[in-house]
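Residue strings, one per chain:
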Amino acid sequence: MIHTNPWPILYGNILRIGNLNSNVGIATLWTERDVVKSFFTPKEYCVIGNLYAAAGINHIIRNVFANPNIRYIVLWGADMSQSGHAFLKFMEKGIDSEYAFIDAKGQIEKEIPLAAINEFRKQVQVIDMRGRKTNDLVETVKKLKPTTAFAKKPRLFKPATSDVATFPSEQVGFRVESDKVAKTWLRILNLISRYGRVEKTRYASNNELKEILNLTAVIDHEDPEKEYFPHYLPFSQNELKAYYPEFMTSRRIPGTAYNYGARLRNLYGLNQIEEIKKLLKRRPFSKKMAAFTYDLKEDFKKLDTSDTPCLTQILGRVEDGKFILTAHFRSQDIFHGWPRNAFALRKLQKEICDYGGLPMGQLCLITHSAHMYADDWNLARQLVEENWWSEFKWLPPLYRYNDPRGNWIIEIDKKGIIEKSPFGLPSKATWVLKDNYSSNKVRSLLRNVRKSSRPSASNNNLLESEGKIIAKLYTIDMAKVLAQFEGRTAKEVYWQIADLDFMFRHDHTFSLGEELAKAELALRLGLEFEMDKPLDLSQMSKVKNQKYK
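Residues numbered from 1 in each chain as written. Predicted model: local features only at pLDDT ≥ 70, side-chain atom pairs only at ≥ 80, totals over all residues. Heavy atoms only, no water.

(A) Highlighting the pattern of salt bridges. According to the stated counting rule, one finds 27 salt bridges in the structure shown. The salt bridge partner of R251 is E246, with a shortest N-O separation of 2.7 Å. Of the residues examined, R251 reaches a relative accessible area of 41% and is grouped as partly exposed. Taken together, the shared-partner salt bridges connect R265, E274, K277 and E351 into one network. (Salt bridge = Lys/Arg side-chain N within 4 Å of Asp/Glu carboxyl O. Buried < 20%, exposed > 50% of the residue type's maximum accessible area, 1.4 Å probe, protein only.)

Following this line, the structure appears as structure tokens:
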């Protein structure tokens, strides 16, 4: 027996198996495998299966070496992710020194020996039938000449390995944001690589994925007419352009389980996108701008036998004169699917905005199961390591991004004399607590904070402060004070701010903590304080009665 028993060694639960002695394998790309299976009798093929991503070429190679009877692989169906294109380029040009495909996105696992890769390219013929009619496919398969196996016995290779580490996390409810789709995607890869929990799946070679639940991703400045397209994205711009019609038209590719464009624009004859556009024009304040992809009559009948839409709905809303688009996904392949979906949704958002005469606001994608398959873990980690610091290099906080919740100004009051604040802002401002804290409750809280944060007499290396720290929250344009907190120590102030949940950006939170600590030191040592500037420790020699014990 030339093949392993059992065979296939990978994805046996989802591949369609025929005659194990046949020379023919059929890769249906994104077209449903059962549709293609219906064209043939079981004796006419060895195996039929999808090729959703270029990573799947590794699994084809492993399965072929486990059954060297396979000498032909026929590509047919909808090449929505250009995995078929990558396969053909691999067969034509091979791989580079890093095992990456030449002139295509993808790579071969380094656990597969180079000699075996070259042998596969020599012994197996990949036949391109993409875009051809069904009759052409059937006729081509029937005409393939039977031949002998290219080896006398099966061969197995070491499985691809990845060091899996999962950091503790909140488990449910993650958020990332950036100005561009690509940068947001890089942040998500980092998030899942670090915090994703390992779960079971039938779609990876080792049946594992890393998953976080309820991911919210926000993009605010992507131009859909001129996409920011760095080299590290897992597809080419031509591949992206080929994908756009899946959202932007109602065409239905024969044999595919669904198309988002067809579901959104021609579900039982209803064009939901056109209805959103008309409603936006009539009543821009409406909260009814929604479109849904699930076919409730059919999709629930085939939960165990076919694919159902990952995108479940889109919602539109106008705020501050801008149209904000939100998309909900039940499940998303973050490595391959998320960036394509995000680019296409941004383009759809622009189509709606152009019709309604409104500028684009933020694009928000909310994903219930945000996951990466095990086959992509190593590459995802490599992309993060190689590109993170060039995309997110540190910049001074004031010149990076505005915090949407406002800007903080820190001052110190030395016995009624307030140190100068930056920007020439007024130094006297008050704020009345409007939350669920009574004034007595706040005073009690602050007494406890002061008691716990005050240095003990036996270990007091710094003099007791006689003034107070003042933290003021301003609107983004710095025109109005929204809130004010006071305390004798940095801890007294930041506990109030943290307990009332005023902070949003991590970098802004760290920056605020730095300024509060400097303010406390200035009070204790009698130094001058100005926000965003270092303390002048040379002043200490001029301050009377200030000394270390």
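(B) Structural detail: a nonpolar patch on the surface. A cluster of nonpolar residues, L296, F300 and L303, forms a patch on the protein surface that exposes about 350 Å² of accessible area. Within the element layout of this structure, F300 appears in the loop between β9 (290-292) and β10 (311-319). (Patch = residues over 30% accessible without salt bridge, like charges linked within 9 Å, V, L, I, M, F, W, Y side chains within 5 Å. Areas by Shrake-Rupley, 256 points an atom, 1.4 Å probe, with all protein chains shown as cover. Helix = DSSP H or I, 4+ residues; strand = E, 2+ residues; numbered from the N terminus.)

(C) Up close: the packing of helix α10 (residues 272-282) against helix α11 (residues 337-356). In contact at an axis separation of 9 Å, α10 and α11 are set at 40° when each is read in the N-to-C sense. Considered as vectors, α10 and α11 are oriented oblique to each other. α10 and α11 meet at a crossing whose hand is right-handed. Along the contact surface, α10 presents I273, E274, I276, K277, K278, L280 and K281, while α11 presents L348, E351, I352, Y355 and G356. Looking at side-chain class alone, the contact of α10 with α11 contains 6 nonpolar, 1 polar and 5 charged residues. (Axes fitted to C-alpha atoms, helices over the stretch in contact; angles between N-to-C directions. Parallel < 35°, antiparallel > 145°, perpendicular 65-115°, else oblique. Left-handed = near helix turned anticlockwise from the far one by under 90°. Contact = heavy atoms within 4.5 Å. Nonpolar A, V, L, I, M, F, W, Y, C, P; charged D, E, K, R; others polar.)

(D) Representation of the packing of helix α6 (residues 181-195) against helix α12 (residues 377-391) within the structure. With their axes 10 Å apart at the nearest point, α6 and α12 run at an angle of 130° to one another. Considering their axes alone, α6 and α12 lie oblique with respect to each other. Crossing angle aside, the handedness with which α6 passes α12 is left-handed. When α6 is examined against α12, the residues K183, W185, L186, R187, L189, N190 and S193 are found in contact with a partner set consisting of A380, L383, V384, N387, W388 and E391. Here the residues of the contact of α6 with α12 sort into 7 nonpolar, 3 polar and 3 charged.

(E) How the structure looks around the environment of F343. Relative to the helices and strands, F343 is located in helix α11. F343 sits in the buried class, given a relative accessible area of 1%. The sequence separation of F343 and L240 amounts to 103 residues, and the corresponding C-alpha distance is 8.2 Å. Discounting residues that sit within four places of it in the chain, F343 has contacts with V181, E222, E227, Y228, F229, L233, F235, L240 and Y244.

(F) Structural view of the side chain of N23. Residue position: N23 is located in the loop between β1 (16-17) and β2 (24-27). Looking at N23, its side chain comes within polar contact range of the main-chain nitrogen of T147, at 2.8 Å. Among residues more than four places away in sequence, those in contact with N23 are N69, I70, R71, Y72, K145, P146 and T147. (Polar contact = N/O pair within 3.5 Å; in protein donor to acceptor, adjacent residues only side chain to side chain.)

From the geometry alone we can't say anything about function, so treat these as descriptive.
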